[in-house]
Structures are given as structure tokens and as C-alpha cells.
Amino acid sequence: MKPVYKRILLKISGEVLAGEKGHGINGDTVNSICRAVKECADLGVEIGLVVGGGNFWRGRTSEHMQRTRADHIGMLATAMNSLALADALEQLGVEVRVQTAIEMKEIAEPYIRNRAVRHFEKGRVVIFGCGTGNPFFSTDTAAALRALEIDAEVIFKATNVDGVYDSDPKKNPNAKKYDTLTYMEMLSKEITVMDSTAATLCMDNNVQILVFNLSDPHNIVRAVLGETVGTILKGDK
Ligand code: GTP
């Protein structure tokens, strides 16, 4: 089996790490995700990983807190998730480095693009923590930014939905899932896949995004092997 990608940026939503608990980190869930990541690494795929923080902190819903401070707490949440994933990967025998956009040198390496690329070349998984390091930017935007910086061929947006639908499948039983969708179609149909900053960054730079469900972590391996999972978002060209 041959992977169709050489270097990917895998974005994992924080919520999925909570498993059925709905909050915090579920060890079994993290392990099964990491086993799939290891399978991809063993196939020779270079993997950059960005994780959200929603299992610990939903900054935007804390109305009484200053947004910047709420987002700082969210960044720390992504750092915790990054360390948990790193630990699980290491226990599976995967070489991994964590780099954070906010310096916390005692805990992780600072984000240095060229160093991350060297890590990939040596077969290490690199986990990028703390989002972009800036408030007002989502971890989807961080995933798009890091994907561009490291020249990833595709962003895997692994989340808790099967892909992109023409209407909300929870409300409309006849909702239709797209296999592929262009950014222009996404905009004209007013479909929200990610926040507009992340979407603009991807669209302007022609980055492909594959949106798929992580309830079956093996979907990551299927996607790497080029099987049809979820929805591919791409430019018009
Ligand atoms: P090579 O240069 O390819 O050998 O990479 P390396 O990451 O193995 O070497 P390095 O000597 O840079 O790092 C050795 C260990 O220290 C690795 O586990 C790194 O993740 C870790 N490390 C390196 N820099 C930092 C840092 O700034 N902070 C923390 N917390 N760990 C670091």
C-alpha cells in the first residue's frame, strides 16, 4: 500500500480527544488516534499535527472574560493536548517533537519552521501547539498557516462530522454529502466548514482540505492511502 501524500498537516479537534466523557482527555481515544497516526508515519508520510483545545476550554463562550485572555487560556489548552498526543505517540514508539507558538521552553521546543522541517526529514511527527500564538485566530487558522509554512500537500481536518453537507444533516434527513467542493462553491452556497480567516488563507493559497470523521481513527490511514473519506475542499484550478 502506497500513500498518496508525502507530507500532511493533520488537524484534530480538541473535542474528539474527550471521547464519550465530553471533557478533558480520554486515554483510549487518544491512543486509537495515535495508533492511526503511527500507521501513517510507518508508511513514510511526514505528519505535522495541530490540535484544538475545545475539550478543555471554549474561549469564545466565556462572555465575561476579555477575548484576548480567553484565547490565551485556549492556547494553553492546545499545549496540554499536544503533550498528551506526544506522550501517547512516544509510547507507541513514534519519534515526536512538540513545538509551541508561545515559548514555554521547559516544556516544549519553540516553533521554528526550519527545525520542524528537519524533524520531518528525520521521520519525526511534529505537533504544533498554542495555535498561531495570537488571540483572535482559531486552531483551524493555525493549521492552515502551518500547512503553508511546511509545504504540506493537504490539510486533514479530522473532526466529528463525516464531511461537508449541503444542509445540516442533524436537521435535514435528506442532506447530501459532497465528495468534493470548491472554495467558490462553498462561499456561494454559504456553507461554513471553518472560520472565514482559515477559509480565506486556504482559498488564497490553493490548499486542499479533506474534512472527515475521526470517530473511526482508521479514516486517517484510509485518507492517506487515497481512499474516499469525507469531503475534499479545493480551489477551482
Ligand atoms: P537533532 O538535532 O536532529 O538530533 O534533533 P533533536 O530534536 O533530537 O535534538 P536536540 O538536541 O535539539 O533535542 C534533544 C531533545 O531535547 C529532544 O527531545 C527535543 O524535543 C528536546 N528539546 C530541544 N530543544 C528544546 C527546547 O527548547 N525545549 C524543550 N523543552 N525541549 C527541547
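As shown above, the structure is provided for reference.
From a predicted model like this one, the values you see are computed outputs, not experimental measurements.

1. Let's talk about the sheet that holds strand E5 (residues 125-129)
- One open sheet accounts for nine strands, arranged E4-E3-E5-E2-E1-E6-E8-E9-E7; its pairing is mixed. Either end of the sheet is taken by a strand with one partner, and the two such strands are strand E4 (109-110) and strand E7 (180-182).
- In this fold helix H4 (residues 113-121) packs onto strand E1 (7-12), strand E2 (46-51), strand E3 (96-100), E4 and E5, with an angle of close to 150 degrees to the strand it touches most, E5.
- Running over the sheet, helix H5 (residues 139-149) touches E1, E2, E5 and strand E6 (154-159) and is turned about 175 degrees from E1.

2. Points about the pattern of salt bridges
- Scanning all chains against the criterion turns up 17 salt bridges.
- Two residues, Lys 6 and Glu 46, come together in a salt bridge whose shortest N-O distance is 3.7 Å. Of the two residues, Lys 6 is situated in the segment before E1 and Glu 46 in strand E2; the sequence distance between them amounts to 40 residues.
- On the basis of relative accessible area, Glu 46 is assigned to the buried category, the value being 11%.
- Glu 121 is the salt-bridge partner of Arg 118, the closest N and O atoms lying 2.7 Å from each other.

3. Some details on the layout of surface pockets
- The space that makes up the largest pocket amounts to roughly 1,000 Å³.
- What lines the largest pocket is a set of 47 residues, among which Lys 11, Glu 15, Arg 58, Asp 140 and Lys 157 lie closest to the centre.
- In terms of residue count, helix H3 (residues 67-91) provides more of the lining of the largest pocket than any other element does, five residues in total.
- Of the residues assigned to the lining of the largest pocket, the class counts are 14 nonpolar, 20 polar and 13 charged.

4. Section: the packing of H5 against helix H7 (residues 196-204)
- Where H5 meets H7, the axes come as close as 8 Å, and the angle between the chain directions of the two elements is 20 degrees. What the angle tells us is that H5 and H7 run roughly parallel. Judged by the sense of rotation from one axis to the other, the crossing of H5 with H7 is left-handed. Within the contact between the two elements, H5 uses Asp 140, Thr 141, Ala 144, Leu 145 and Leu 148 and H7 uses Thr 197, Ala 198, Leu 201 and Cys 202.

5. Side note on the packing of helix H2 (residues 27-42) against H3
- Viewed as axis vectors pointing N to C, H2 and H3 meet at an angle of 60 degrees, and their least axial separation amounts to 9 Å. In terms of axis orientation, H2 runs oblique to H3. The two elements H2 and H3 cross, and the hand of that crossing is right-handed. Contacts between H2 and H3 involve Val 30, Asn 31, Cys 34 and Val 37 from the former and Ala 84, Leu 85, Ala 88 and Leu 89 from the latter.

Criteria and cut-off values
- Residues numbered from 1 in each chain as written.
- Predicted model: local features only at pLDDT ≥ 70, side-chain atom pairs only at ≥ 80, totals over all residues.
- Heavy atoms only, no water.
- Pairing = 2+ DSSP bridges.
- Helix = DSSP H or I, 4+ residues; strand = E, 2+ residues; numbered from the N terminus.
- Contact = heavy atoms within 4.5 Å.
- Axes fitted to C-alpha atoms, helices over the stretch in contact; angles between N-to-C directions.
- Salt bridge = Lys/Arg side-chain N within 4 Å of Asp/Glu carboxyl O.
- Buried < 20%, exposed > 50% of the residue type's maximum accessible area, 1.4 Å probe, protein only.
- 1 Å grid on protein atoms, 1.4 Å probe; cavity = no way out; pocket = protein on both sides within 12 Å on 5 of 7 lines; lining within 4 Å.
- Points joined across faces, edges and corners; volume = space filled by probe spheres on them.
- Nonpolar A, V, L, I, M, F, W, Y, C, P; charged D, E, K, R; others polar.
- Parallel < 35°, antiparallel > 145°, perpendicular 65-115°, else oblique.
- Left-handed = near helix turned anticlockwise from the far one by under 90°.

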